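# Remarks on the overall topology
Letter by letter, the chains look like this.
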Amino acid sequence: MKADASKGLVGLLGAAPRDATPSRIRRRLAERIFGAYLLITGCFYFGLWLGHYAEYFTAMHHRGEMTLLAPDSFAKGFAASTPSSPSYDAAHPYYVNGKRRFLQEKLGNHSREEITNLIQRDAVETMPLAEKRRLDSGVGVETWVLPKPLEHPTRNHDSVIIEDNRGSVVMYVALGRYSRYVQSIDLVSGETKSVRGSEGEERDPAGYRLDDLNHVIAVLVDGIDGRDANGKKELWLPCGFHGDAVNYETSSKYVRIVDVETMTIRLGPKLPRAGGACVASALSIIRDEPPMICSFAGTNGRHNSGEFLPHTQCYDRVREKWWRPFGKLPYGLDHGNMAVVPPGACDATDPGKLLIFNYRTEPYGRPHREMLAFDLPQEGWSLDELRSMEAKGDKRGHWYLYAEPNGTEWVEQARDAAGMVSANNGRTLLNFGGVSYKNDCSKGNRKRSRCKEGGARHDFSQIRAFDVCTEHWSEVGDLGLPIFALQSSGSSTLNVAVTCGGDAPYRQFHRNSPLCFASRMGGAYAID
């Protein structure tokens, strides 16, 4: 019987020497089993490692061409609990419907699956008018999650709300990490739409797809006749990164332009300097001429090792030329917010000004509390003045320290990569979410493993308001979910701010959030 067993083992293990004995066969079998154990264990840990770096490998394999063509399971789970055929109109608009009970949970302590279940168990409800009346007399901000998730979850994107005198209020969400789409949400009817930015796979002269862009700022302007725009609304994207994998980005060298009507992208002018994560706005530079597309700062290179740019530039769409009316900033920065404060916001003699805040000056460095300001000349600049400044080169501009809130309260803690909406004719700046990195990732430390994705950090869920006149932050609400890498947009018609996408606290393949938060302002705030 033993001999038969030995023969069976010999057959299993393959040909054996003639002097094979049962003890030698057992030893050989043990070696095979141990080898198989090592192989299985190695494959298991390799799978974990591969999953951790999947974002990098996928993006590098496709060289910036990877697309998120369908919602992830989180978005699908959210949509599954939403009415399939809702009916919204001016009397019962879409934006006042949503989910909010799950926001009472501490979502940062839950797994992705638990968050999905929390959202699915909630029913869509209409926010009662009684609460709106209470808000009308106070400074509070009420927040809920809109019924429909983004079809293409995104982060490091931008959003803009466009409204007209006929009651139309539509939000547009532009591109972002792992999104090649321009998406729209009608906040009254609830109609949604998404369009691939460049169906024909158009590329810029540097070889990058036109719809491969994240860390963007969308600048809304009216098109200029004769520039293939015919007076239509356009979103100019004057900065951004190519590539989806964190810390493997490439700065964009060309502007992208979104045609709002078709939601498609065309190539814009070449940038004087490549950069991503800038701040930007449409500003009146030459009186009685179309506003210029002005961008400020940003990073040239990767998240964890790029050059922080102090440069500013404004594109003259009439002459198709870049100017530098604002000169250089005191230092390079990125991931910030910018507000345009009109003249007379605090006092009748106050000039209009630009404020830059909520930014960082090192890769994954601590965000800054201080605000930089530039006083805008009442009459703008003349063409001769712009030419004179250009001839003098890239000199330091007339930037100064406007405010440096230094309180110890939590609401005053610095943050960046946050949403921002202005209210009360520029006097109030509303800040949504954000992040604060705690590690030093300066040049000497950039190769440390803790700096690869920023190391320790704190994500914010707060909604806070900054009074430009008293230079004081106050807490006015909460998103209910710690989130950053997003931008907010506001509707003066609805007096509502909407914040979509972002980097959610749960971890998944691309970490993009599909949620859209609606924040209804209290009576103390009137969105500009």
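You'll find the structure just up there.
What counts as what
- Residues numbered from 1 in each chain as written.
- Predicted model: local features only at pLDDT ≥ 70, side-chain atom pairs only at ≥ 80, totals over all residues.
- Heavy atoms only, no water.
- Helix = DSSP H or I, 4+ residues; strand = E, 2+ residues; numbered from the N terminus.
- Polar contact = N/O pair within 3.5 Å; in protein donor to acceptor, adjacent residues only side chain to side chain.
- Contact = heavy atoms within 4.5 Å.
- Disulfide = S-S within 2.5 Å.
- Pairing = 2+ DSSP bridges.
- Axes fitted to C-alpha atoms, helices over the stretch in contact; angles between N-to-C directions.
- 1 Å grid on protein atoms, 1.4 Å probe; cavity = no way out; pocket = protein on both sides within 12 Å on 5 of 7 lines; lining within 4 Å.
- Points joined across faces, edges and corners; volume = space filled by probe spheres on them.
- Nonpolar A, V, L, I, M, F, W, Y, C, P; charged D, E, K, R; others polar.
- Salt bridge = Lys/Arg side-chain N within 4 Å of Asp/Glu carboxyl O.
- Buried < 20%, exposed > 50% of the residue type's maximum accessible area, 1.4 Å probe, protein only.
- Phe/Tyr/Trp six-rings, centres within 6.5 Å; stacked < 30°, edge-to-face > 60°.

### As for the environment of Arg209
Mapped onto the elements, Arg209 comes out in the loop between strand 7 (192-196) and strand 8 (219-222). A C-alpha to C-alpha distance of 8.5 Å links Arg209 and His242, two positions 33 residues apart in sequence. Only 2.8 Å separates the side chain of Arg209 from the side chain of Asp211, close enough to count as a polar contact.

### Describing the side chain of Ser251
Positionally, Ser251 belongs in strand 11 (residues 250-251). For Ser251, the side chain forms a polar contact with the main-chain oxygen of Thr299, separated by 3.1 Å. Among the polar contacts listed, one links the side chain of Ser251 to the backbone nitrogen of Gly301, at a separation of 2.7 Å. Setting aside its immediate chain neighbours within four residues, Ser251 contacts Gly240, Phe241, His242, Ala274, Gly275, Gly276, Thr299, Asn300 and Gly301.

### Overview of the state of the cysteines
The tally for this structure, following the rule as stated, stands at four disulfides. Bridging Cys239 to Cys278, the disulfide has an S-S length of 2.1 Å. On the S-S bond that ties Cys239 to Cys278, the torsion sits near -80°, and the link is left-handed. Residue Cys239 is located in the loop between strand 9 (233-237) and strand 10 (241-242), and its partner Cys278 is located in the loop between strand 13 (264-270) and strand 14 (279-283); the two are separated by 39 residues in the primary sequence.

### Points about the sheet that holds strand 20 (residues 337-341)
The strand order across the open sheet built from four strands is 20-21-22-23, with neighbouring strands paired in antiparallel fashion. Two strands close off the open sheet at either side, each with one partner strand: strand 20 and strand 23 (400-403). The average undirected angle you get between the axes of adjacent strands in this sheet is 35°.

### Some points on the pairing of strand 7
On a regular strand, one side chain projects to one face of the sheet and the next to the other, so that they alternate. Direction of pairing for strand 6 (residues 181-186) relative to strand 7: antiparallel, over a ladder of five bridges. When the bridges of strand 7 are listed, Ser184 appears paired with Lys193. Count of turn residues in the strand 6/strand 7 antiparallel hairpin: five residues, of which Gly190 carries a positive phi of about 85°.

### Description of the layout of surface pockets
Empty space within the largest pocket amounts to approximately 1200 Å³. Residues that form the lining of the largest pocket fall into these classes: 25 nonpolar, 13 polar and five charged.

### Observations concerning the sheet that holds strand 8
Spatial strand order, 8-9-12-13: four strands in an open sheet with antiparallel pairing. Taken across any chain shown, the strands that pair with only one partner, and hence form the sheet edges, are strand 8 and strand 13. Neighbouring strand axes in the sheet, compared pairwise and without regard to direction, differ in orientation by 30° on average. Of the pairings in the sheet, the one linking strand 8 to strand 9 comprises four bridges and is antiparallel in character. Looking across to strand 9, one finds that Asp222 is bridged to Lys233.

### Quick look at unusual backbone geometry
The general pattern is negative phi for most residues beyond glycine and trans for most peptide bonds. Its identity is not glycine, yet Asn358 carries a phi of approximately 55°, on the positive side. Locating Asn358 in the fold gives a position in the loop between strand 21 (353-357) and strand 22 (371-375). The backbone of Tyr364 shows a phi angle near 55°, a positive value even though the residue is not glycine.

### Concerning the pattern of salt bridges
The tally for this structure, following the rule as stated, stands at 21 salt bridges. The shortest N-O distance in the salt bridge between Arg266 and Glu234 comes to 3.0 Å. Residue Arg266 is found in strand 13, and its partner Glu234 is found in strand 9; the two are separated by 32 residues along the sequence. Residue classification places Arg266 among the partly exposed positions, given a relative accessible area of 25%. Glu390 is the salt-bridge partner of Arg324, the closest N and O atoms lying 3.4 Å from each other. Linking Arg324 in the loop between strand 19 (321-323) and strand 20 with Glu390 in helix 7 (residues 383-391), this pair joins segments that are 66 residues apart in sequence.

### Digging into the packing of aromatic side chains
Within the structure shown, the criterion is met by 14 aromatic pairs. When the ring of Tyr331 is compared with that of Tyr359, the centres are 6.0 Å apart and the planes differ by 45°; the resulting orientation is tilted. Residue Tyr331 is found in the loop between strand 19 and strand 20, and its partner Tyr359 is found in the loop between strand 21 and strand 22; the two are separated by 28 residues along the sequence. The class for Tyr331 is partly exposed, based on a relative accessible area of 25%. What makes Tyr359 buried here is its relative accessible area of 0%. Put simply, the rings of Phe296, Phe326, Phe374, Trp381 and Trp399 pair up and form one aromatic cluster.

### Some words on the side chain of Ser159
Residue placement: Ser159 occurs in strand 4 (residues 158-163). For Ser159, a relative accessible area of 5% gives the class buried. In this structure the side chain of Ser159 is engaged in a polar contact, spanning 3.3 Å, whose partner is the backbone oxygen of Gln487. Polar contacts involving the side chain of Ser159 include one to the side chain of Ser489, which spans 3.4 Å. Discounting chain neighbours no more than four positions away, the residues touching Ser159 are Met171, Tyr172, Val173, Gln487, Ser488 and Ser489.

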